[in-house]
Amino acid sequence: MTLRFGVIGTGAIGKTHIDRITNRLSGGEIVAVTDINQNSAKSAVEEYGIQAKVYPDDKSLIADENVDAVIIASWGPAHAESVLAAIEAGKYVFCEKPLATTAEKSLEIVEAEMKFGKPLVQVGFMRRYDQGYKQMKNAIVNNEIGEPLMIHAVHRNQSTSENYTTDMAVVDTLIHEIDVLHWLINDDYKSIQAIFPKRTTKALDHLQDPQLFIIETQRGIVITVEVFTNCQFGYDIQCEVIGEIGTIKLPEVPTPVVRKNAAISQPILQDWKDRFIVAYDLEIQHFIDSIRKKGYPEGPTSWDGYIAAVTSDAGVRAQKTGQKELIELKARPEFYKSKNSPIQNLMS
Ligand code: NAP
C-alpha cells in the first residue's frame, strides 16, 4: 500500500518533504496540502506538479479519508493542536520539531497516543539518521572509547531572520542537540545552565548571540553546547565525546579540497538543508517503511518529544535565571519501552 500524506505547512521544510516523497523516496504520495498562507499551499502543488487537494486548514485536511498520514511542518506553536487532532482521527503523524512548545502539551500528546492504544507519532529528530552520529553511537555502544565523561558540541548558523529571539536558541536550535546527545549517550539529563558571553555585533539588537549551555546528565557526564546563530561563515555542526580511553568526533561532511593562490581550502556548507539532506531522506523513508511493514512508525517517539520539551523548558528558565535549572522527567511509560525498533534497540 502507498502511504497517502497530507502536509500541514508548505514553507521551507514542508516543501523539501513534498519534494523528497514525490521525487526521491518510495512508498509515499502527497494527496493533500494546507498552509495558513493558501498561496503557499497552491504554489507547492504547482511547483512539484502533484495531484494534491489544497485544504483551508489542518482540521479539514486531517478529516480527508484519503489521508493516511500527516506531516506537520507549520510553525512550532501550531504543532500540538494538529498532532492532537490527527491522533484523535487515528492518522499517522510525522511532526517536525518541536512536538509542542511546552512540556505540558507534549505530555498531553503522549497521553492521547497511549489512550489511542498504538504509536502513531514520529518526531523529526533527523540527526539520529545521520551517518556520522550513527557511527559515534555504535562506537559508544561497543565501548570503543570507554565510559563517556564529557561532550563538547557546537551549533552554528550563518545568520538568523528578524523574528528569531533569544529563547529560540533553545527551543528551535539547541533542541537538536538536546535530542541527539540524549540518544547518543543513553542517559537522562539532570540540569542545564545558560551562560551569555560577549555579544556579537553581527546579530540584531534584541538577540543574545552566542550562548553557551552546560548540561549535566544523571550519570555525571558534562555537556557543553555553543549555540552561535549569526556566526557569518556557514552552517557548522560539531560534536566530540570524550571517554575514559579515547575520544570520538563527528566527521566533517566531505567537501572538495581546493589548492589555489598558495593556499589549501575547503568550502563550509551554508545551509542546514544540505548538511542533513541524507538524514531527512532516511527519516521519512523509515517512517513510510515501518508503517507499511509493521503498522506503526519506529523513529523518535512522542516520549522523545516530551524529553526535549522538558529540557528546553528548563533551558529557557536557565536563560532567565542564570542558574542551574533542574530537568525533571516523569517515569517512562511501558508503552514507550516496548517498541521493537532498531533505533530504540540502540538505546538499550
Ligand atoms: P517556514 O518556512 O516559516 O514555514 C512554515 C509554514 O507554515 C509557513 O508557510 C507558515 O505560514 C505556515 N503556518 C504557520 N502556522 C500554520 C498553521 N497553523 N497551519 C498551517 N500552516 C501554518 O518554517 P520552516 O523553516 O519550514 O519550519 C517549519 C517547522 O519545521 C518549524 O517547526 C521548524 O522548527 C521545523 N524545522 C525543522 C528542521 C529540522 O532540521 N528538522 C529544519 C527547519 C525547520 P506563514 O509564513 O504565513 O506564517
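As recorded by an unreviewed UniProt entry, the protein chain carries the name Inositol 2-dehydrogenase/D-chiro-inositol 3-dehydrogenase and is attributed to Oceanobacillus caeni. Per its UniProt entry, the protein chain bears the Subunit (unreviewed entry) comment "Homotetramer." Listed in UniProt under the heading Function (unreviewed entry), the comment for the protein chain reads: "Involved in the oxidation of myo-inositol (MI) and D-chiro-inositol (DCI) to 2-keto-myo-inositol (2KMI or 2-inosose) and 1-keto-D-chiro-inositol (1KDCI), respectively."

Now, about the site of the ligand: what can you tell me, with residues and values included?
Taken together, 22 residues sit near the ligand, with Ala12, Ile13, Asp35, Lys97 and Tyr280 positioned nearest. Contact between the ligand and Asp35: an oxygen atom at 2.8 Å from a side-chain N or O atom of the residue. Contacts to the ligand include Ile36, whose backbone N or O atom sits 3.1 Å from a nitrogen atom. Its free accessible area being 900 Å², the ligand has 73% of it covered by the protein chains.

How would you explain the sheet that holds strand β4 (residues 69-72) if you had to name every residue and give the values?
Spatially, six strands are ordered β3-β2-β1-β4-β5-β6 in an open sheet, and the strand pairing comes out parallel. Each end of this open sheet is capped by a strand with a single partner; those strands are β3 (53-55) and β6 (121-123). For this sheet, the mean angle separating the axes of adjacent strands, direction not counted, is 25 degrees. Of the pairings in the sheet, the one linking β4 to strand β5 (residues 92-95) comprises four bridges and is parallel in character. For Val70, the partnering residue across the bridge sits in β5 and is Val93.

A description of the pattern of salt bridges should follow, citing residues and the corresponding values.
All chains considered together, the criterion is met by 21 salt bridges. Residue Asp281 pairs with Arg20 through a salt bridge whose shortest N-O separation is 2.6 Å. Here Arg20 lies in helix α1 (residues 12-23) and Asp281 lies in helix α9 (residues 277-294), a separation of 261 residues in the sequence. Overall, Asp281 belongs to the buried group, its relative accessible area being 14%. With a relative accessible area of 2%, Arg20 lands in the buried category. Across the pair Glu334 and Lys337 runs a salt bridge, and its minimum N-O distance is 3.7 Å. Salt bridges linked by common partners bring Asp19, Arg20, Arg24 and Asp281 together as one network.

I'd like a description of the environment of Thr165, backed by residues and values.
Mapped onto the elements, Thr165 comes out in the loop between β7 (148-156) and α7 (168-185). Using a relative accessible area of 30% as the deciding quantity, one classes Thr165 as partly exposed.

Account for the packing of aromatic side chains, with residues named and values stated.
Taken as a whole and judged by the stated rule, the model has seven aromatic pairs. Arranged with centres 4.5 Å apart and planes meeting at 40 degrees, the rings of Trp303 and Tyr306 form a pair that is tilted. With Trp303 and Tyr306 both in helix α10 (residues 302-321), this residue pair falls three residues apart, about one helical turn. The pair formed by Trp303 and Tyr306 is uniform in burial state, with each residue classed as buried. Judged by centre distance (6.0 Å) and plane angle (25 degrees), the rings of Trp303 and Tyr336 are stacked. A residue pair is termed long-range when its members are at least 10 positions apart, and Trp303 in helix α10 and Tyr336 in the loop between β15 (325-326) and α11 (342-347) qualify at 33 residues. According to the relative accessible area criterion, Tyr336 is buried, its value standing at 5%. Feature note: the residues Trp303, Tyr306, Phe335 and Tyr336 constitute an aromatic cluster, connected by ring pairs.

Definitions and cut-offs
- Residues numbered from 1 in each chain as written.
- Predicted model: local features only at pLDDT ≥ 70, side-chain atom pairs only at ≥ 80, totals over all residues.
- Heavy atoms only, no water.
- UniProt positions renumbered as here; feature names shortened; annotations may be inferred.
- Near = heavy atom within 4 Å.
- Polar contact = N/O pair within 3.5 Å; in protein donor to acceptor, adjacent residues only side chain to side chain.
- Areas by Shrake-Rupley, 256 points an atom, 1.4 Å probe, with all protein chains shown as cover.
- Pairing = 2+ DSSP bridges.
- Helix = DSSP H or I, 4+ residues; strand = E, 2+ residues; numbered from the N terminus.
- Axes fitted to C-alpha atoms, helices over the stretch in contact; angles between N-to-C directions.
- Salt bridge = Lys/Arg side-chain N within 4 Å of Asp/Glu carboxyl O.
- Buried < 20%, exposed > 50% of the residue type's maximum accessible area, 1.4 Å probe, protein only.
- Phe/Tyr/Trp six-rings, centres within 6.5 Å; stacked < 30°, edge-to-face > 60°.

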